[in-house]
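Fold and contact review
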Amino acid sequence: MASSMKSFADLQQVGKQLKEQQAQREKAEAERIAREKQAAIEANIFRSSIGDVQILKQQEKFHPIPQKPKPIPFKHIEDEQKALQESLSDEFDAGTLLESDENLSYTRPGVGIDVAKKLRQGAWVIQAQLDLHGMRRDQARDNLGEFLRKCIRSGFRCVRIIHGKGLGSINKEPVLKNKVRNWLIQKDEVIAFSQATAADGGSGALIVLLRAS
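Residues numbered from 1 in each chain as written. Predicted model: local features only at pLDDT ≥ 70, side-chain atom pairs only at ≥ 80, totals over all residues. Heavy atoms only, no water.

1. As for the overall build of the protein
Along the protein, the regular secondary structure elements total 5 helices and 5 strands. Moving toward the C terminus, one meets the helices and strands of the protein in the order α-α-β-α-β-α-β-α-β-β. Across the 213 residues in the protein, those meeting the buried criterion constitute 28%. Of the contacts made within the protein by residues no fewer than 6 positions apart, 66% connect residues no fewer than 24 positions apart. For the protein, the accessible area works out to roughly 15800 Å², and carbon and sulfur atoms hold 55% of it. (Helix = DSSP H or I, 4+ residues; strand = E, 2+ residues; numbered from the N terminus. Buried < 20%, exposed > 50% of the residue type's maximum accessible area, 1.4 Å probe, protein only. Contact = heavy atoms within 4.5 Å. Areas by Shrake-Rupley, 256 points an atom, 1.4 Å probe, with all protein chains shown as cover.)

What follows is the structure, encoded as structure tokens:
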């Protein structure tokens, strides 16, 4: 009798557990359905607020082609330097072409005689200058030729060439000073030059007038 009562109690306990499990499943299912309904409501609110949408067309990505650096014309530069050295002779004597004034000014034939005087008076604004201080003869000659070419390309008319007074040279002789005058007379783009005023360098510099480009 006691055994039958125990079995019945066990069955009741099992039935109770099954009911609890079923209730939990039903509760979970109800919560899932409620979440889905809420998500659907929120989705409808979002769609109604933004309206119809269209898929954007994907544009092709632009891949720029890097430009190759321009080749350096070494041969052309070398040829120009050789031509410059050949065109500017160190044996040229400009003494007979310089005006016999204290400033040793120069004007190319066909240029007005008052041009050198105006140079000395500062009638033209100095637009560029080249300082040859401390350079050796070949270096100074090359730099002078390149400087004059750049000035012509830039349209400069009046420039200053600083050659120094030769105080630091052997025997205190202004070797570079005389060379610069000789080189300038050999350049077609130079139409006149004169020693600079004291304010612009005095006997250590020249004011040079170039032809119009």
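So that's the structure; there's more coming.
2. A few points about the pattern of salt bridges
Going through the model one piece at a time under the given rule, you end up with 8 salt bridges. Here glutamate 36 makes a salt bridge to arginine 32, at a shortest N to O gap of 2.6 Å. Of the two residues, glutamate 36 and arginine 32 both sit in helix α1 (residues 2-50), 4 residues apart, roughly one turn of that helix. Ionic pairing is found between arginine 149 and glutamate 146, a salt bridge with its closest N-O pair at 2.5 Å. Residue arginine 149 and its partner glutamate 146 are located together in helix α4 (residues 137-154), separated by 3 residues, close to a single helical turn. Accessibility expressed as a relative area gives 27% for glutamate 146, which makes it partly exposed. Look at the salt bridges and you will find they share partners, linking Glu29, Arg32 and Glu36 into a network. (Salt bridge = Lys/Arg side-chain N within 4 Å of Asp/Glu carboxyl O.)

3. A word on the pairing of strand β4 (residues 190-195)
Among the 6 residues of β4, 6 are classified as buried, and the element is accordingly described as predominantly covered. Two strands pair when backbone bridges link them, and strand β1 (residues 106-107) and β4 are joined in this way by 2 bridges, in the antiparallel orientation. In the strand pairing of β4, tyrosine 106 is matched with phenylalanine 193. In this sheet, strand β5 (residues 205-210) lies alongside β4 in antiparallel orientation, the contact comprising 5 bridges. The residue bridging valine 190 from the neighbouring strand is leucine 210, located in β5. (Pairing = 2+ DSSP bridges.)

4. Regarding the sheet that holds strand β3 (residues 158-162)
The sheet built from 5 strands is open, its strands ordered β1-β4-β5-β3-β2 with mixed pairing. Looking at strand neighbours, the two that pair on one side only are β1 and β2 (128-131), the edges of this open sheet. Examined bridge by bridge, β3 and β5 share 5 bridges and lie antiparallel to one another. Considered in β5, the bridge of arginine 160 is made with isoleucine 207. Along the sheet, α4 contacts β2, β3, β4 and β5; its crossing angle with β2, the most-contacted strand, is approximately 170 degrees. Packed onto the sheet, helix α5 (residues 175-186) meets β1, β3, β4 and β5 and runs at close to 155 degrees relative to β4. (Axes fitted to C-alpha atoms, helices over the stretch in contact; angles between N-to-C directions.)

5. Examining the nonpolar core
Phe147, Ile161, Val180, Leu184, Phe193, Val208 and Leu210 are the most contacted members of the largest nonpolar core, which has 22 residues in total. Contributions of two or more residues to this core are made by β2, α4, β3, α5, β4 and β5. Membership of the second largest hydrophobic core comes to 10 residues, among which are Val115, Cys158, Ile191 and Ile207. (Core = buried A, V, L, I, M, F, W, Y, C linked by side-chain atoms within 4.5 Å.)

6. Digging into α5
Under the 1.5 Å per step criterion, the end-to-end length of α5 is 17 Å for 12 residues, consistent within 8% with the ideal 16 Å. Along α5, the residues that are buried comprise Leu176, Lys177, Lys179, Val180, Arg181, Asn182, Trp183, Leu184, Ile185 and Gln186. (Expected span 1.5 Å × (residues − 1).)

7. Side note on the environment of cysteine 158
By the element assignment, cysteine 158 lies in strand β3. Accessibility expressed as a relative area gives 1% for cysteine 158, which makes it buried. Expressed as a C-alpha distance, the spacing of cysteine 158 and isoleucine 126, which sit 32 residues apart in the sequence, is 5.1 Å.

8. Observations regarding the side chain of glutamate 189
Residue position: glutamate 189 is located in the loop between α5 and β4. In contact with glutamate 189, other than residues within four places in its own chain, are Leu148, Ile152, Leu209, Leu210 and Arg211.

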